[in-house]
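The lines below spell out each chain.
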Amino acid sequence: VDGTGSTGRMDARSFAISLATSLIFIADEYNCKIRTATLTGAPTLATAVGIAGECFAVDGSAANVRCVGPRTIYPLYVAKGDYMLFGEYELVRKVRTSDFFTVTIAGDTESSSVSSGLPFNVYFGSVWGIATVPGVLDDANAVVYLAVNVNARLRKYERGYVLGLISATSGTVDGTGSGARWD
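Since the model is a prediction, treat every value here as computed from it, not as a measurement.

S.K.: Report on the overall build of the chain, specifying residues and quantitative values.
M.R.: Scanning the chain for helices and strands turns up 0 helices and 13 strands. For the chain, the N- to C-terminal ordering of α and β elements is β-β-β-β-β-β-β-β-β-β-β-β-β. Each of the 183 residues in the chain was classed as buried or not, and the buried ones make up 43%. Summarising the internal contacts of the chain: among those between residues at least 6 apart in sequence, 36% fall at separations of at least 24. On the chain, roughly 8900 Å² of surface is accessible, and the fraction owed to carbon and sulfur atoms is 56%.

S.K.: So, the side chain of glutamate 29: which residues are in play, and what are the values?
M.R.: Relative to the helices and strands, glutamate 29 resides in the loop between β3 (23-28) and β4 (33-38). Discounting residues that sit within four places of it in the chain, glutamate 29 has contacts with Asp11, Arg13, Gly69, Pro70, Arg71 and Tyr89.

S.K.: Go over unusual backbone geometry with me, naming the residues and quoting the values.
M.R.: Its identity as a non-glycine residue notwithstanding, serine 22 has a phi of 55°, on the positive side. Tracing the sequence through the fold places serine 22 in the loop between β2 (14-18) and β3. Backbone geometry places phenylalanine 100, a non-glycine residue, at a positive phi of 65°. You can see phenylalanine 100 is positioned in the loop between β8 (91-96) and β9 (102-107).

S.K.: Help me get a handle on the pattern of salt bridges, residues and values and all.
M.R.: A complete count under the given rule lists 7 salt bridges for this structure. Notably, a salt bridge pairs aspartate 59 with arginine 93, separated by 2.7 Å at the nearest N-O pair. Linking aspartate 59 in the loop between β5 (44-49) and β6 (72-78) with arginine 93 in strand β8, this pair joins segments that are 34 residues apart in sequence. Note on aspartate 59: relative accessible area 33%, which makes it partly exposed. We classify arginine 93 as buried; its relative accessible area is 0%. In this structure, arginine 96 and aspartate 99 form a salt bridge, with 2.9 Å as the shortest nitrogen-oxygen distance. The exposure class of arginine 96 is partly exposed, given its relative accessible area of 26%. One connected set of salt bridges, linked through shared partners, spans Asp2, Asp28 and Arg35.

S.K.: How would you explain the sheet that holds β3 if you had to name every residue and give the values?
M.R.: Pairing is antiparallel across the open sheet formed by 5 strands, whose spatial order is β1-β5-β4-β3-β2. Only two strands of the sheet have a single neighbouring strand rather than two, namely β1 (3-4) and β2. Bridge count for β1 against β5 is 2 bridges, and the pairing is antiparallel. Considered in β5, the bridge of threonine 4 is made with threonine 44.

S.K.: Help me get a handle on the pairing of β4, residues and values and all.
M.R.: Across the 6 residues of β4, 5 count as buried, placing the element largely inside the fold. Between β3 and β4, which pair antiparallel one after the other, the connecting turn spans 4 residues, and cysteine 32 there sits at a positive phi close to 55°. With 4 bridges joining them, β4 and β5 adopt antiparallel strand pairing. Each bridged residue has a counterpart across the sheet, and for alanine 37 the counterpart in β5 is leucine 45.

Cut-offs and rules
- As a convention, each chain's residues are numbered from 1 in the sequence order in which they are written.
- Confidence filtering applies because this is a predicted model: local features only for residues at pLDDT of at least 70, side-chain atom pairs given and counted only at 80 or more, and all residues used for totals across whole chains, interfaces and linings.
- Values reported for side chains reflect all heavy atoms of the structure, with hydrogen atoms and water molecules removed beforehand.
- Secondary structure elements follow DSSP: runs of H or I of four or more residues count as helices, runs of E of two or more count as strands, with numbering from the N terminus.
- Residue exposure (1.4 Å probe, protein chains only): buried if accessible area is under 20% of the type maximum, exposed if over 50%, otherwise partly exposed.
- The contact criterion used is simple: two residues touch if any of their non-hydrogen atoms lie within 4.5 Å.
- For the area figures, the Shrake-Rupley method with a 1.4 Å probe applies, and any residue is considered shielded solely by the protein chains shown.
- Salt bridge, as used here, is a side-chain nitrogen of Lys or Arg placed within 4 Å of a carboxyl oxygen of Asp or Glu.
- Should DSSP find at least two bridges between two strands, the strands are taken to pair.

Structure representation (structure tokens):
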């Protein structure tokens, strides 16, 4: 529920702060929304993109965007503007903080077997964590790391390709490459 003070309600696991807009961006998974909260004045919770109950992926302007249970969100500062990356069940998407325009940068909701290659042919399962390499200020050279719970993988997105960086199976073993294990 959007609102001011204690009237605002959400079900969120992850948030990130936009330095350009002074807003907190919130991944509201169970309401299928990206929400914002103010950093100054009376705390106000508002929907940036998504409509509760309409949990499917649609890119575009803020009024048209639909989200598929966003789980994690991470700031991406590039020369062309301030963005938030967010991970959903099978997708990684980018929202511009100035007007909330949203595009999918990687993932496929239909396939369940492709593990690396062109970004729209790759199935992630569920994206639980996102991080970027600091200091890269253009989209063409951005490097994004994704923690994916299906097959316990740490994935790398770079220059338009998704690479299977570490392929692990269940367990808790330190190691390199396929020798690493985590639950």
